[in-house]
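Here's the letter readout for the chains.
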Amino acid sequence: MSQADRWMLPEGIAEILPADAKSIETLRRRLLDLYHSWGYELIIPPMVEFTDSLLIGMGRDVDLSTFKVTDQLSGRTLGIRADITPQAARIDAHSFPRAGANRLCYAGQVLYTRPRSVHGSRAPIQIGAELYGVDSLSADIEVISLMLETLLAAGVEQIHLDLGHVAIYRSLAEAAGLDTEQQSSLFALLQSKAAADIHRWVTDNVRDPECARWLRALPDLAGGSDCLARARDVFVGAPAPLAAALADLQCCADALAKRYPAVELFFDLSEVRGYDYETGLVFAAYTPGHGLALANGGRYNGIGSVFGRERPATGFSTDLVALNQLGQETWEEVGAILAPESDDDSLWQAVRALRREGQVVIAALPDGAESEVRSRCDRELVKQDGHWVVQPRC
């Protein structure tokens, strides 16, 4: 490795320099304060855990995304977290259990074995919130509302909200008698939105004509507010869980439309993201000009069963760095105060007082080391009549 190569970082891994770091940290504090105002309590899970707990219950995608290492103390396999959600579920079930609702929030870096998009980061800063212990539509609406408030607080002005429900596909697959392998095959086709391939697959694999008709209709059941009305017409006589899912989607959409009339709602009834672990409503937020979801989440009941305490759960997360880049908020950089090089004790006391007030005070250093910080200082401390006062710098 050449000397120049020693400064290179792995692909998908980036450092955050002062200007961006300050902006990201300001947004992090703002969002955690927002979650606190809603009653969500901050947790700080560890970066690594035993894979026995870290990879249970959250689906194959998390397993494939997780770096694994051997613990030199125990000999067991450790995982470097690729998602904080399973850690929050473990904390709710074991470390911080409550009989009723448990609202938890978090912010921390995660690590992926591979980027989840072209040129995407492998080390995003994940921030989000989870609500445990409440199996009701009101909890889903609260979490989606908090996700939208997160985007608004970050300065995202145009928000498109996608809503779906895992029970729609799950109930149709069960009614059609699809085995695990068949469900996986159809799942892959639905993810690719390949309507023609879906039609051919259903013709070849589903014998019941009514179930076949329902499954063929899925790719076309996407769109705006008329989507649910069309779905109710298509799914007449469908399994009861499907009808209940449509009712939940309608109720959720009505509530969100009243709270956030400027947010555009979109429905995709063939949405199968998180099918292997999510159990109810799934949702994702987008903004024009950005192809990937800014934030997403869903209901994942039963997650705590792997820790011996099964709990209903719903939550969301977003990438703090990506959100900071897309938000329209600008964080004004306040100039600093330059303190001259001096051993005057009264200067030290004046500097301490200013810093306690929240001012940035940078001390001048010898040998020209203050040349860089002088460019950041728009004011300076000057001694007048025996007192140190702040004055504009010339």
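Quick summary incoming for the structure in this document. (Residues numbered from 1 in each chain as written. Predicted model: local features only at pLDDT ≥ 70, side-chain atom pairs only at ≥ 80, totals over all residues. Heavy atoms only, no water.)

### Focus: the overall build of the protein
For step 1, the next point in the chain: On a plain count of helices and strands, the protein comes out with 14 helices and 16 strands.
For step 2, the next point in the chain: Its C-alpha atoms put the protein at 95 × 55 × 50 Å along the principal axes.
For step 3, the next point in the chain: Here the protein holds 394 residues, and the buried ones make up 45% of them.
For step 4, the next point in the chain: Pairs at least 24 apart in sequence give 67% of the contacts found in the protein among residues at least 6 apart.
For step 5, the next point in the chain: Surface accessibility of the protein: about 20,600 Å² in total, with carbon and sulfur atoms responsible for 52%.
For step 6, the next point in the chain: The averaged location of the 54 negative side-chain charges in the protein is 2 Å from the averaged location of its 37 positive side-chain charges. (Helix = DSSP H or I, 4+ residues; strand = E, 2+ residues; numbered from the N terminus. Buried < 20%, exposed > 50% of the residue type's maximum accessible area, 1.4 Å probe, protein only. Contact = heavy atoms within 4.5 Å. Areas by Shrake-Rupley, 256 points an atom, 1.4 Å probe, with all protein chains shown as cover. Lys, Arg positive; Asp, Glu negative; His and termini not counted. Charge placed at Lys NZ, Arg CZ, Asp CG, Glu CD.)

### Side note on the packing of helix 1 (residues 18–37) against helix 5 (residues 137–153)
For step 1, the next point in the chain: Two elements in contact, helix 1 and helix 5, have axes whose closest approach is 10 Å; the angle formed by their N-to-C orientations is 150°. When the axes of helix 1 and helix 5 are compared, the crossing they make is right-handed. Between helix 1 and helix 5, the residues in contact are L27, R30, L31, L34 and Y35 and L146, E149, T150 and A153, respectively. (Axes fitted to C-alpha atoms, helices over the stretch in contact; angles between N-to-C directions. Left-handed = near helix turned anticlockwise from the far one by under 90°.)

### As for the sheet that holds strand 3 (residues 67–70)
For step 1, the next point in the chain: Reading across from one edge, 2-4-3 is the order of the 3 strands in this open sheet, with antiparallel pairing throughout. Edge positions in the sheet fall to strand 2 (48–50) and strand 3, since each of these pairs with one other strand and no more. Pairs of neighbouring strands in the sheet enclose a mean axial angle of 35°, with direction left out of account.
For step 2, the next point in the chain: Pairing of strand 3 with strand 4 (residues 77–80), which is carried by 4 bridges, proceeds in the antiparallel orientation. Across the sheet, F67 pairs through a bridge with I80, a residue of strand 4. (Pairing = 2+ DSSP bridges.)

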